[in-house]
Structure formats: structure tokens, C-alpha cells
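Observations on the model geometry
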Amino acid sequence: MITVIDYGSGNLRSVAKALEKSGGRVLVSQRPEDIRQADRILLPGVGAFGDCRHNLEKAQLIEPVLQHIQAGKPFLGICVGMQLLFGEGHEFGIHPGLNLFPGKVVTFDKTMPDPHNSAMTLKVPHMGWNRVRQNRPHPLWAGIPQESFFYFVHSYHGLPDHSECTVGTSVYGIPFCAAIARDNLFATQFHPEKSQNLGLKILENFLSWSP
Amino acid sequence: MLAKRIIPCLDVREGRVVKGVQFEDLIDAGDPVEAASRYDQEGADELTFLDITASHENRDTILDVVRRTAEAVFIPLTVGGGIRTNEDIRRLLNAGADKVGINTAAVFRPEFVQEASSRFGSQCIVVAIDAKCVEKDAHGQPIRWQIFTHGGRKLTGLDAVDWAQRMETYGAGEILLTSMDRDGTKIGYDLALTRAIAQATTIPVIASGGVGTLQHMLEGLQQGGADAVLAASIFHFRQHTIPECKQFLQNRGIEVRL
């Protein structure tokens, strides 16, 4: 059973539907006991970093999530669900993250020139399909061609202190961390559940992953 | 590099796809879920449903269409039309929409955009702007546009560029820009309008209204500076497929997802 963590953030239906399409048995829940009993958990997230952190805390979900991770069970974070794994987020003030990946989450610089059109500046949010370079092999990249397109929508991105945990890189004005991993943790800045067949393939890989 | 997006738009009325000319003379163009699945398989980057259901009683029909689409389609789906409250947004997101388009309600009460973006996040709030030229220069080039509401029937007196900037500061994540002068004409996007809005804002702009050829899409991206192009009849009536469109753009140096 995979539990999708519901803490009042985002379109959980599309995450759940995509997991089901990839062959998973899915429970969407905000109850700490459902997280404690899960074989795998998926932490989604849209919206502001601080709100997401606050909502997780309010629902008393941080401890069961950390226990799940410490027990070595598979964990997938998506978008803000990835950003929350960093040390701190710099969105509307500085907020502490779960610090599973030391580093911070910062905004794209709106004053950078647009690579498509030098007369304009970079559009933020970074919204749409971008290529992801796989920095190293990983079981969740199985069957995914190098430099494939995935769907992104975000204004902030993670800056890990230790670059070896970056397993995917994209370029938007600057190169940025599109996927991080270590041990039983994998997280993507892009949305696999909105990235058509290749996104579903990542979810399928997650469902069969034994770290 | 970030790919330019190709977005088929489906006007949905009481659960069926329809297509009109300048918001009138509607003809039936099929089942929305079938059409959405076909575009997804062809490689569309996103889908947009505009609900133009006339009566308020039939509003729930779109929720059913969105629900059925979300079972089958795993690319972003935007739904616009008749959205007035946070509750309307919540119901659409729960049904499986990823973004919502707000138009008339934003004009009546701009704070609604602020409330919606702070509750649901800017990434899912698309402000739809229907603009019409109100002034041309000595060479007949459009230089000023105003906002219309109610499917293009009511002039508001609001300047389109000012309005787009204001909507950005209110938390819009994206602008869906439709030229009322060009919609349904197949003579190409209003490039001056598209460029004016794209340069005045720092959020993505989707060009809409007037596509008749693939060349028009190229112009919208290159000369108009749009981040995405939206089209309806060119795809519905099988004049071009999505892969044909993307191949055409790629051959001309545009980054697309193929």
C-alpha cells in the first residue's frame, strides 16, 4: 500500500490517479497511523513552502514521515514535497525544512534574460516541459531516456550543499536541481503525475523500488 | 531549454465540444473526453477546457467531464468559464483540474485573484484576458486594447496592458490572452497585443485567438513572444495534427517536446 500524504495541498486526485494507472494500491490520507502503516509514501505539494511546512506540522505528520524514512522505506517527494526535504526554504521569509538534504530553496532570478528572447527577462514561474539530464543512474530512471522532457511548475528551486545527491539537472536561466536522491529517498521538482508516459514510468519504478 | 507549449483548447457546452466564430454560431465538435485523450496521445503539452455552458443549473456537467478526463489523461488540464468563488475552484481541482482560468469574476472583483492565488497557489491561477483593439496608429497597427467580459460582449474600459500587470501583482501564475478581433478569423494572432502583454509582464503568456495556419503559431511564439500557443479549430477539424505542428516548429528552430 502506498500512502499519498494529504495535508491540504495540491491536486491529490491526479497524483492518486497516476499511481493507480501505474499499478499501485493507493490511500490518500492525513492520518498519522496511515503513514506509519504505509509500505511507501509519496509527499506531494503545491503552494508556499512555509504553508506546506505549517500544515504538515499541524496535522502531526512530520514525526511519522521521518520515522518512515529512518526505517529505510521508499519515499517519493514531488515539487514542494521535494523542497521540504531541504534545510530551509526562502519563500515569504525563511522557514525550516526537514533537513534531509542540507541546503536551501531559493527563487529564480526574474532579472535574468529570457534565453528565447533577449529583449525579455526570465518568466517566473518556470512553467512547462523541460529536459532533465540524469546525472547518474538510479532505479527510478530505469527506462527513461537521457534528456527526456518532464512537466515543471515552480518559482523556487533547491540548492543542495552536497552536489552528489543531485540525480537530475535542468536548465532554466541557470542549471538547477530537478531531482535528488540518497538511500531510500527520491524527489523530483517536476511533476511525474503530469508528465505523460515517462512520468507514469517513474511512478511505476517507484512502486517496484526496493532501496 | 524550456519547450514552447502547444495547447489545444476545447470549448465545452453542456458536456459537448463546440466551436464558433467570434463567440457565436456554435457547431458540435464531439465528446470532450475522447478529444482530450486523442490530443494527449498525439503529444499535446497541456489541455484547456473553456466551459461555455449557458445556464447555471448545468454547471456540474463540467465537473463530470473533468473527472472522466483526469482518469485518462496525464498532462496538465486547465478549466475556465464561470468561475466566481474559491469553492468553484476547489471543486474543479478536486475533480482533477490542475489550473483554473478566471476571467469575468476578476474584472468585477480583482481581489478574487488575490484570494484564489493565496489559497491555491499562483501556479494554478490563470487569468484569462479577452482584449479588443481600441486604437490604431497612422499605419493601421493596433496600439491600445481594452478588456471585454461576458464572452466578448461587454466592454470594461480597462486597458489590457495595465490589467495584465495588475493581475500579475495579484498573484496570477499565467495569462491566457485572447484577441477578440482575431478569434475565429484564422488570420493569425494579434502579434502586437501578444508582444505588448508578454513584455509588460514576467509571468508566462499563452497566445490565443486567430490561428489558421502553423505559420501563425510560429509567429505567435517568435514575434509575439508568447510562451505557449493555444488553438482550437486547426486541431479539431484535423487540418493539422499536434505532431505535424511540433515538427513544423522544430524545423524552424523552436524548442518543442517531440
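Residues numbered from 1 in each chain as written. Chains lettered and ligands numbered in written order. Predicted model: local features only at pLDDT ≥ 70, side-chain atom pairs only at ≥ 80, totals over all residues. Heavy atoms only, no water.

Residue and element names in this part refer to chain A. Spatial ordering of the open sheet is given by E2-E1-E3-E4-E15-E14-E13-E10-E11, a layout of 9 strands whose pairing is mixed. Across the chains shown, the open sheet's two edge strands, defined by having one partner strand only, are strand E2 (26-29) and strand E11 (148-154). The average undirected angle you get between the axes of adjacent strands in this sheet is 25 degrees. Pairing analysis gives 3 bridges linking strand E3 (residues 40-43) to strand E4 (residues 75-78), with the strands arranged parallel. Across the sheet, residue isoleucine 41 finds its bridge partner in E4, namely phenylalanine 75. (Pairing = 2+ DSSP bridges. Helix = DSSP H or I, 4+ residues; strand = E, 2+ residues; numbered from the N terminus. Axes fitted to C-alpha atoms, helices over the stretch in contact; angles between N-to-C directions.)

With that settled, the discussion passes to the confidence of the model for chain A. For chain A, the average pLDDT comes to 93, and 99% of its residues sit at 70 or higher. Confidence, expressed as mean pLDDT per element, reaches its minimum in chain A at strand E9 (residues 117-121) of chain A with 76 and its maximum at strand E15 (residues 185-188) of chain A with 98. (pLDDT = per-residue confidence, 0-100.)

Moving on, we come to the sheet that holds strand E12 (residues 156-160) of chain A. The strand order across the open sheet built from 4 strands is E6-E5-E7-E12 (chain A), with neighbouring strands paired in mixed fashion. Lying at the two open borders of the sheet, with one neighbouring strand each, are strand E6 (95-96) and E12 of chain A.

Residues and elements named next belong to chain A. With an omega dihedral of 15 degrees, the bond running from valine 124 to proline 125 counts as a cis peptide bond. With respect to the secondary-structure elements, proline 125 resides in the loop between E9 and strand E10 (126-134). Residue glutamate 147 is not a glycine yet carries a positive backbone phi of 65 degrees. Relative to the elements of secondary structure, glutamate 147 occurs in the loop between E10 and E11. Even without a glycine there, the phi angle at aspartate 183 is positive, about 45 degrees.

Another point: the pairing of E15 of chain A. Working note: regular strand, side chains alternate between the two faces of the sheet. All names here are of chain A. Here E15 shows a buried face lined by Leu185 and Ala187 and a second buried face lined by Phe186 and Thr188. Note that E4 and E15 share 4 bridges and pair parallel. Residue pairing for E15: glycine 77 is matched across the bridge by alanine 187. Here strand E14 (residues 174-182) hands over to E15 after 2 residues, with aspartate 183 in that stretch at a positive phi of 45 degrees. (Buried < 20%, exposed > 50% of the residue type's maximum accessible area, 1.4 Å probe, protein only.)

With that out of the way, let us pick up helix H6 (residues 160-169) of chain B. Residues and elements named next belong to chain B. For H6, the complete set of buried residues consists of Ala160, Val161, Trp163, Ala164, Met167 and Glu168. Buried residues of H6, viewed axially, fall in a sector of 160 degrees; they line one side. Where H6 begins, the side chain of aspartate 159 points an oxygen toward the backbone nitrogen of valine 161, at a separation of 3.2 Å. With its phi angle positive at about 105 degrees, glycine 171 sits one or two positions after the end of H6. (Arc of directions from axis to C-beta. Polar contact = N/O pair within 3.5 Å; in protein donor to acceptor, adjacent residues only side chain to side chain.)

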